[in-house]
Protein chains: 4
Amino acid sequence: MIIVLKPGATQAEIDHVIEKIEAAGCKPHLSRGVERTIIGAIGDESALRNLPLEILPGVDQVLQIQKPYKMVSREFKTEPSVIGTGGVMLGGKRLHVMAGPCAVENREMLIGIAKQVKAAGATVLRGGAFKPRTSPYAFQGLEAEGVRYLADAREETGLLVATELMDPRDLELLDRHVDFIQIGARNMQNFRLLKECGSVKKPIILKRGLSATIKDLLLSAEYIVANGNPNVILCERGIRTFEDYTRNTLDISAVPAIKTLSHLPIIVDPSHAGGRRDLVRPLSLAALAAGADGLMIEVHPNPEEALSDGPQSLRPEGFATLMEELRRLAAFLGREL
Amino acid sequence: MIIVLKPGATQAEIDHVIEKIEAAGCKPHLSRGVERTIIGAIGDESALRNLPLEILPGVDQVLQIQKPYKMVSREFKTEPSVIGTGGVMLGGKRLHVMAGPCAVENREMLIGIAKQVKAAGATVLRGGAFKPRTSPYAFQGLEAEGVRYLADAREETGLLVATELMDPRDLELLDRHVDFIQIGARNMQNFRLLKECGSVKKPIILKRGLSATIKDLLLSAEYIVANGNPNVILCERGIRTFEDYTRNTLDISAVPAIKTLSHLPIIVDPSHAGGRRDLVRPLSLAALAAGADGLMIEVHPNPEEALSDGPQSLRPEGFATLMEELRRLAAFLGREL
Amino acid sequence: MIIVLKPGATQAEIDHVIEKIEAAGCKPHLSRGVERTIIGAIGDESALRNLPLEILPGVDQVLQIQKPYKMVSREFKTEPSVIGTGGVMLGGKRLHVMAGPCAVENREMLIGIAKQVKAAGATVLRGGAFKPRTSPYAFQGLEAEGVRYLADAREETGLLVATELMDPRDLELLDRHVDFIQIGARNMQNFRLLKECGSVKKPIILKRGLSATIKDLLLSAEYIVANGNPNVILCERGIRTFEDYTRNTLDISAVPAIKTLSHLPIIVDPSHAGGRRDLVRPLSLAALAAGADGLMIEVHPNPEEALSDGPQSLRPEGFATLMEELRRLAAFLGREL
Amino acid sequence: MIIVLKPGATQAEIDHVIEKIEAAGCKPHLSRGVERTIIGAIGDESALRNLPLEILPGVDQVLQIQKPYKMVSREFKTEPSVIGTGGVMLGGKRLHVMAGPCAVENREMLIGIAKQVKAAGATVLRGGAFKPRTSPYAFQGLEAEGVRYLADAREETGLLVATELMDPRDLELLDRHVDFIQIGARNMQNFRLLKECGSVKKPIILKRGLSATIKDLLLSAEYIVANGNPNVILCERGIRTFEDYTRNTLDISAVPAIKTLSHLPIIVDPSHAGGRRDLVRPLSLAALAAGADGLMIEVHPNPEEALSDGPQSLRPEGFATLMEELRRLAAFLGREL
């Protein structure tokens, strides 16, 4: 950490800063310029980070040098992590596509769509049993019943299943019945939920919050890892900006950025990012080209009747066609799908 | 709801849209222009809102006319609501200031600061027992112990107390021991927590999320009200923008906007919005001038040693001086503090 | 245009709105619901768009149906436009890469880099003679001298050249000496400059502003086209968001969105979007995959010494390697480079 | 400037950085930690700022310490500047309100409104002769004729007049006929226009761009000052965010922030910020409370018929009432209006 003093800071002020640095177990290193003195704090920054050094008298700015996350960083582990379960491992050469309806609506529909996305090449069935809806009057999901249908679909098709966790009280249920546990964008900083996810070993798909920086996303991943579960898969799904043609703005740069900053796998959700069915194909292709380890795509047998997110859902046939194209692109890029 | 068809939509497509509208219990009303046909759906929009009409063949755009929230709207209740408990009622002529440390750090400190903010004119002591921290390595709060200290401070000083709820499993504890339950910005769309808050009668202080529109905030309030608890106090605390001099950007327009759109009280948190001690005064004055019903201000006996948010905390003396100024401004504005 | 009245609007208020609509040459069409009356204005919206209908007594909302731009829209021209000059035509099967230094620094360097980017497959040399720098103390470009060097580089290599116009007084000079005239992001709403660009026939590369929506970008293109120059090439170069790892956030969705909304070609500038050399490759691949018609890439012989934007510039060898990869991807996507 | 090296940077890499620092006339100061070496560059940062140090081998981050602007900073001039002309001086105890129509529409209307705003207490008449309109089909202003009418209104009423400059070719005309020259938000980074404004002595009202940080705004002011004109008045008029209830988001914190960072006066434009007539009053009050030196308010005799920005314009009577309230608030705040 570097503490930049104001021009004209007094010796007493400088001494006070030095004292704080030493009390936190770091070694101060002074550099006196013509105008200002700068103090480097050498050692482990984490103890200092909790101190409000910027308000000490005489201090102008405090600059952090070390990243605030550790275990999820590339410095901590230089090789990419390959994370998953039951043969569906993300982060290696093989790409995976998770597909299915936004919400589990009934057993037949779910099993029908599961067979179709499997036939098209998806390896994970996604479907919401607990639905985070912005309106209290919208369909909130089948809850435990939906989880049961997911387990049924898994049994019938052999697909692994992924669903969203919204409440710590449902963790046990999901841990028992599903293969991937998803944390939605609106819960990315629900720190209690993150901590709880540290208590299981199931891979957690952590979606980026609508106003979360890449650093925030990695800190949220650190919460899960630091609490005991190293199996985190990141998911870019669009951030909130002033652009309103799309539902959100897919931050495609986050894919290579995260590959540089972290060893964790990163997938992309083109359905929520664009919010429009016709954008799913170009955004999926772009995601693969940018280096994503997989995709999460909404597919519904009849989007017109979908209880949630119909406008951004592909039909099974459209999904199958897209998968063909993605498979060829993956091969072109030296990966497999 | 208004459904705008594409130029050249066929009669079959028009009929299909009409069918959907009627099936949802609304009455279609056609208007044929030279280029396009437009269909108004007359009746209760809420049934239609869950249908993805925009992807029906021939449809170009769908425009919503009714607001997606009801019970929190001014149409539902034209008079401002006055909400609170135990003599601290927000939304009327009298303004209230909630003050205290970001985090409850220990019993002595809390009671000390409680006495000071009370002497200065605050009516509610705020202090976090459960702390939502972006880093898993930062101080996470004293939890249940902190709640106990809040209850002690209440007993010693007579101040009401407010603290943040992060987990549905803690609701019972807070409902028993504190007077105002706060939902933090990062949990504004933690829908399970919102629903749970509908099951109690305690006033809920709902903070605006970092990327939440005013409409989103009102929808989150609607969650609580629709689930049974009409006692919601809104709190503007800054949104995330590209500006980085401040921690967040205080959306001062949200105060009069919410007064127009909703009957709920609205308070402002200048400490989190600006993230800088020297901005607390001007932002507090601006908030009152814009019509806020109260303020939530961080005060710490020794900000240099604060375990959380030191840079934005006032010292007790600074707070007392500010309160003097706010009291005079309130009187000038025809309100009381 | 649709005018939604407030519940309880009086007949006099309704008549007043109707009068305004008729005065603007449109035909009103009433639809009376239980709660509200809605008036559709049938005919050419443009006359109405300049009227502040939303403040007429009794009016609640005004919804626009027609797009505010015409000549650049897909409705106006359903086939994609192929725009360019001297064999470099954008918008067709063939992709083009424009490459070169951020700023023209001297004659030798420019001709050297021109030869290298040509050898690698670029068809246009880009280089700033007039530089829009945020600091008045930064290098502002060689101005007219820089334009002369560009003309020299063109003569020596046969590459076409592109440079930025910042001032209407320089248009004649650029029109005489360069092949593509660029309007920078910060001038996207410099309406006088846009109008002036309507007076020439040279293709204009219009970069998206940092806070411009896709609609704003298309309206700025409309300015040029409506003033007489149909040759506009759009360029996505990143928008400003809260994310700070990258210089800007590349809005990759803008590429397919613009393909749907407009007939104009769209290229991507991965150098300015990411602001980091290591992001140029993944963002370039993503841009092609998303359907871009070309790229604009910064290349500098010695980025360490660049007078502008060194951190995001590729070295010539890195550019040549990237071009190889882009050429293969273009072929895979059924295009040519 | 501080250069943070990567863990494991070689001695050759360190030497290379030192060489660059020395070549730029600064003195390097090394600080070797356990993990990393950090180099402070002591001296004038401006020479270093143009070098892309972040891409030198072995460099991890470059941190700037000095502000990129000088002459507009508080360090350069610790006392607030009082800037204006002909008795209308901004930045002192006395506040000023500039009022008038968005666009000059005709002579009679302008003189009529001038008399009314003068009677209400405005000291400057604002009105656009050259209008920056996002649509090429919208009214573009009366241009030179509009400037003449402003001069007439000035003669008739004694009010000073302010109007916007959009093109360097119009500067002479405005310099001759108006008292304050305005640079609009969309031209805040039209650097040629800024430079040109440095060649006159008229006070320049510089509006903040829609995606400009406070630092960007100050750098744009620095352009004008560094080019010879010290008379710059800053104007906060809202930034672009995801919130869509308001036209823009008024960044009220910018007022006290700019007071801390710069000696220049700062005024607020509540009309453009909110884009809604009913927000003008609360935002004006908030601006004064936050410390603004003045306001710029749109007033139109008949907003329903305004050729530009009708929805946000006050009627003269509404303006007079607001002025009464502002005058009382100014007195309360220890200022004059």
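Residues numbered from 1 in each chain as written. Chains lettered and ligands numbered in written order. Predicted model: local features only at pLDDT ≥ 70, side-chain atom pairs only at ≥ 80, totals over all residues. Heavy atoms only, no water.

Some words on the interface of chain A and chain D
Then step 1. Contacts between chain A and chain D engage 18 residues on the former and 18 residues on the latter.
Then step 2. Of the roughly 1500 Å² buried at the junction of chain A and chain D (both faces included), carbon and sulfur atoms supply 68%.
Then step 3. Contact with chain D buries area across many residues of chain A, yet Ile42(A), Ile65(A) and Phe242(A) alone supply 30% of it, more than any other trio.
Then step 4. Where chain A meets chain D, there are zero salt bridges.
Then step 5. Run the count over chain A and chain D and you get four residue pairs in polar contact (both at pLDDT 80 or more).
Then step 6. Looking at the side of chain A that touches chain D, the elements that each hand over two or more residues are strand S1 (2–5), strand S2 (27–32), strand S3 (37–42) and strand S4 (59–63) of chain A.
Then step 7. Among the elements that take part in the side of chain A that touches chain D, S2(A) stands out by supplying four residues, more than any other.
Then step 8. Within the side of chain A that touches chain D, the residues separate by chemical class into nine nonpolar, six polar and three charged. (Contact = heavy atoms within 4.5 Å. Buried area = accessible area lost by both parts, 1.4 Å probe. Salt bridge = Lys/Arg side-chain N within 4 Å of Asp/Glu carboxyl O. Polar contact = N/O pair within 3.5 Å; in protein donor to acceptor, adjacent residues only side chain to side chain. Helix = DSSP H or I, 4+ residues; strand = E, 2+ residues; numbered from the N terminus. Nonpolar A, V, L, I, M, F, W, Y, C, P; charged D, E, K, R; others polar.)

Things to note about the relation of the copies chain A and chain D
Then step 1. Overlaying chain A with chain D gives an RMSD of 0.0 Å, the required rotation being 180 degrees about an axis along which the chain moves by 0.0 Å. In short, the pair behaves as if placed about a two-fold rotation axis. Ranked by how close their C-alpha atoms come to the rotation axis, the residues of chain A are headed by Phe242(A), at 2.1 Å.
Then step 2. The residues that chain A uses at the interface reappear at the interface of chain D in 100% of cases, marking a shared surface. (Least-squares fit on C-alpha atoms with pLDDT ≥ 70 in both.)

Here we look at the sheet that holds strand S3 (residues 37–42) of chain B
Residues and elements named next belong to chain B.
Then step 1. Pairing is antiparallel in the open sheet, where four strands are placed in the order S2-S3-S1-S4. In this open sheet, the two edge strands, each paired with only one partner strand, are strand S2 (27–32) and strand S4 (59–63). Within the sheet, the average angular offset between the axes of one strand and its neighbour, ignoring direction, is 20 degrees.
Then step 2. Pairing geometry for S2 and S3, over six bridges, is antiparallel. (Pairing = 2+ DSSP bridges. Axes fitted to C-alpha atoms, helices over the stretch in contact; angles between N-to-C directions.)

Remarks on the domain arrangement of chain A
Then step 1. In terms of domains, chain A is made up of domain 1 (2–63) and domain 2 (83–332).
Then step 2. The C-alpha-based centres of domain 1 of chain A and domain 2 of chain A are spaced at 44 Å. (Domains from an automatic or database assignment.)

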